[in-house]
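# Structural overview for review
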Amino acid sequence: MTAASPDALDPRKAALDALTRLTDAPAAGVWSSPGRVNLIGEHTDYNDGFVLPLAIPHRTVAAVAPNSENVLRVTSTFADAPVSVALADLEGLFPQARESITEWARYPLGVAWALQAAAPDAAAAHAAGLDIAIASNVPVGAGLSSSAAIEGAVAVALNDLWQLGLDRPALARAGRRAENEAVGAPTGIMDQMASILGAADAAILLDCRSLEVETVDLGFDAAGLTLLVMDTRVQHSHASGGYGERRASCEAGAAALGVTSLRDLDINDLDRAERELDDVTFRRVRHVVTENQRVLDTVRMLRSNGPRSIGDLLLASHASMRDDFEISVPELDAAVDAAVEAGAIGARMTGGGFGGAAIALVDRDRIAEVTDAVTRTFVERGFAAPTIFPVTAADGARRES
Ligand code: ADP
Ligand code: MG
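Residues numbered from 1 in each chain as written. Chains lettered and ligands numbered in written order. Predicted model: local features only at pLDDT ≥ 70, side-chain atom pairs only at ≥ 80, totals over all residues. Heavy atoms only, no water.

A few words now on the overall build of the protein. Counting its regular elements, the protein contains 13 helices and 12 strands. In summary, the protein has a C-alpha radius of gyration of 21 Å against a globular reference of 21 Å for 401 residues, a match within 12%. Sequence-distant contacts, at least 24 apart, represent 73% of the contacts inside the protein between residues at least 6 apart. Charged side chains in the protein number 34 positive and 55 negative. The centres of these two groups are separated by 1 Å. (Helix = DSSP H or I, 4+ residues; strand = E, 2+ residues; numbered from the N terminus. Rg over C-alpha atoms; globule rule 2.2 N^0.38 Å. Contact = heavy atoms within 4.5 Å. Lys, Arg positive; Asp, Glu negative; His and termini not counted. Charge placed at Lys NZ, Arg CZ, Asp CG, Glu CD.)

It is at 8 Å that the axes of helix α3 (residues 103–118) and helix α6 (residues 168–183) come closest, and there the two elements cross at 130 degrees. As far as their axial angle goes, α6 and α3 are oblique. Judged by the sense of rotation from one axis to the other, the crossing of α3 with α6 is right-handed. Contacts from E103, R106, Y107, G110, V111, W113, A114, L115 and A117 in α3 reach L171, A174, G175, R177, A178, E179, E181, A182 and V183 in α6. Of the residues contributing to the contact of α3 with α6, the split by class is 11 nonpolar, 2 polar and 5 charged. (Axes fitted to C-alpha atoms, helices over the stretch in contact; angles between N-to-C directions. Parallel < 35°, antiparallel > 145°, perpendicular 65-115°, else oblique. Left-handed = near helix turned anticlockwise from the far one by under 90°. Nonpolar A, V, L, I, M, F, W, Y, C, P; charged D, E, K, R; others polar.)

What follows is about the packing of helix α10 (residues 279–304) against helix α11 (residues 311–324). In contact at an axis separation of 10 Å, α10 and α11 are set at 170 degrees when each is read in the N-to-C sense. When the axes of α10 and α11 are compared, the pair comes out roughly antiparallel. In contact with R283, R284, R286, H287, T290, E291, R294, D297, T298 and M301 of α10, α11 contributes L313, A316, S317, S320, M321, D323 and D324. Here the contact of α10 with α11 is built from residues that sort into 4 nonpolar, 5 polar and 8 charged.

The subject of this paragraph is the pairing of strand β6 (residues 202–207). Buried residues dominate β6, accounting for 6 of its 6 residues. Neither face of β6 is exposed, since A202, I204 and L206 on one face and A203, L205 and D207 on the opposite face are all buried. For strand β2 (residues 50–66) and β6, the ladder comprises 2 bridges, and the chain directions are antiparallel. Bridging across to β6, V51 finds its partner in L206. Relative to strand β7 (residues 213–217), β6 runs antiparallel, the two being bridged by 5 bridges. (Buried < 20%, exposed > 50% of the residue type's maximum accessible area, 1.4 Å probe, protein only. Pairing = 2+ DSSP bridges.)

With respect to the element layout, A273 can be found in helix α9 (residues 270–276). The exposure class assigned to A273 is buried, which follows from its relative accessible area of 1%. Each C-alpha atom of the pair A273 and R283 lies 9.3 Å from the other, and the pair is 10 residues apart in sequence. When neighbours within four sequence positions are excluded, A273 is seen to be in contact with L257 and F282.

Glancing now at the domain arrangement of the protein. Its domain assignment divides the protein into domain 1 (6–215 + 395–399) and domain 2 (218–391). Every contact between the two is made by 34 residues of domain 1 and, on the other side, 47 residues of domain 2. Taking both sides of the interface into account, the surface hidden between domain 1 and domain 2 amounts to around 3200 Å²; carbon and sulfur atoms contribute 62%. At the boundary of domain 1 with domain 2, the tally comes to 4 salt bridges. One salt bridge in this structure joins E42 and R348, with 2.6 Å as the shortest N-O distance. Secondary-structure elements contributing two or more residues to the side of domain 1 that touches domain 2 are β1 (29–40), β2, β6 and β7. (Domains from an automatic or database assignment. Buried area = accessible area lost by both parts, 1.4 Å probe. Salt bridge = Lys/Arg side-chain N within 4 Å of Asp/Glu carboxyl O.)

Once that is clear, we can look at the pattern of salt bridges. Counted by the stated rule, this structure contains 26 salt bridges. Here E276 ties to R272 by a salt bridge, and the two come within 3.4 Å at their closest N and O atoms. Placement of the pair is E276 and R272 together in helix α9, with a separation of 4 residues, close to one helical turn. Note on R272: relative accessible area 27%, which makes it partly exposed.

Turning our attention to unusual backbone geometry. Residue P95 follows F94 across a cis peptide bond; omega there is -10 degrees. With respect to the helices and strands, P95 occurs in the loop between α2 (87–93) and α3. A positive phi angle, near 55 degrees, is found at E326, a position not held by glycine. Relative to the assigned elements, E326 resides in the loop between α11 and α12 (330–341).

Shown next, in the form of structure tokens:
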């Protein structure tokens, strides 16, 4: 097993060190926001449905100092050089001129741009030049949303320093706008809500239509359970065709059935859907409709029967993604099967699919057993070694100091 403990790198120290390389000014403060995993509810977000993510202990940290040059200067521990933009130029930068700056810097600068638009009066009064140093121990591109973590850390920092007075959902919306328009990635708002609003030993139930959020106690700690993240290290990319194709199928299915979005259907509509749709579109629709129901059932089961009762829902979710939505890969299926065989209560792939990570709900004293079983299976199948690590549900965005 390759260990990737959140302690492997102290992002707070790394961010402060990076800040001292950027400026002589002392830090005005340090802010952070976590990565996330989705417990259940996949490809439901853009269908106006339900998702149930939780924030993880891995965090992205922003250490910030003022400058007197009216520029935003950002640096990251995984970039070679800082990127500078005059505050006065920010408004004209996004979305039209975004190609003029290096991709990673569009995340923090895009957040600054979106926040200015969200609170124009406060920004006009208080926005001032800042040096921002970013460090993170959220694995990038593993489906754990390093993108929402960087957005959340910068959003809470600027909200405080520029006295914008925005509430947390508004910060999440600004993060999403940055990702959609400044970066150009057509993603929903789940990641930002989970990162910014997460809470210890709790998940966030998000209604992607109303954007209402509810905190749902998981009770994993008291039950002696933990989530194992099993990163297959198969690279997923939203830019590749699969994600867009699934979105298009969902839209086509909703249109053919005469509803605004698949959220408007329930299990009772599936017979009609099967009669009226071609086989592939029907199976795409069935995944979304049943997955929405599974999210609501998971919340109900957590509340009535506790966390040990949700294993079958996790497994049904995986089967639906594998067979109906067809977004799994052999590595994800192998991780799920091996984890369950080794005693996991439930397991499923998580995130957009075509690679990335799976999760398994396991007794704390079985972590080593499940980890070894999955690792062994990957060796036997000739897959690259997975990265496996436990996560607890952690607090969302916060000021560190
Ligand atoms: P995921 O969110 O699943 O990790 P994304 O492709 O959505 O993957 O986001 C990853 C991108 O976010 C990176 O390629 C980089 O541009 C940006 N990013 C994430 N974390 C950092 C960081 N600490 N410093 C700079 N850029 C980051
Ligand atoms: Mg992302």
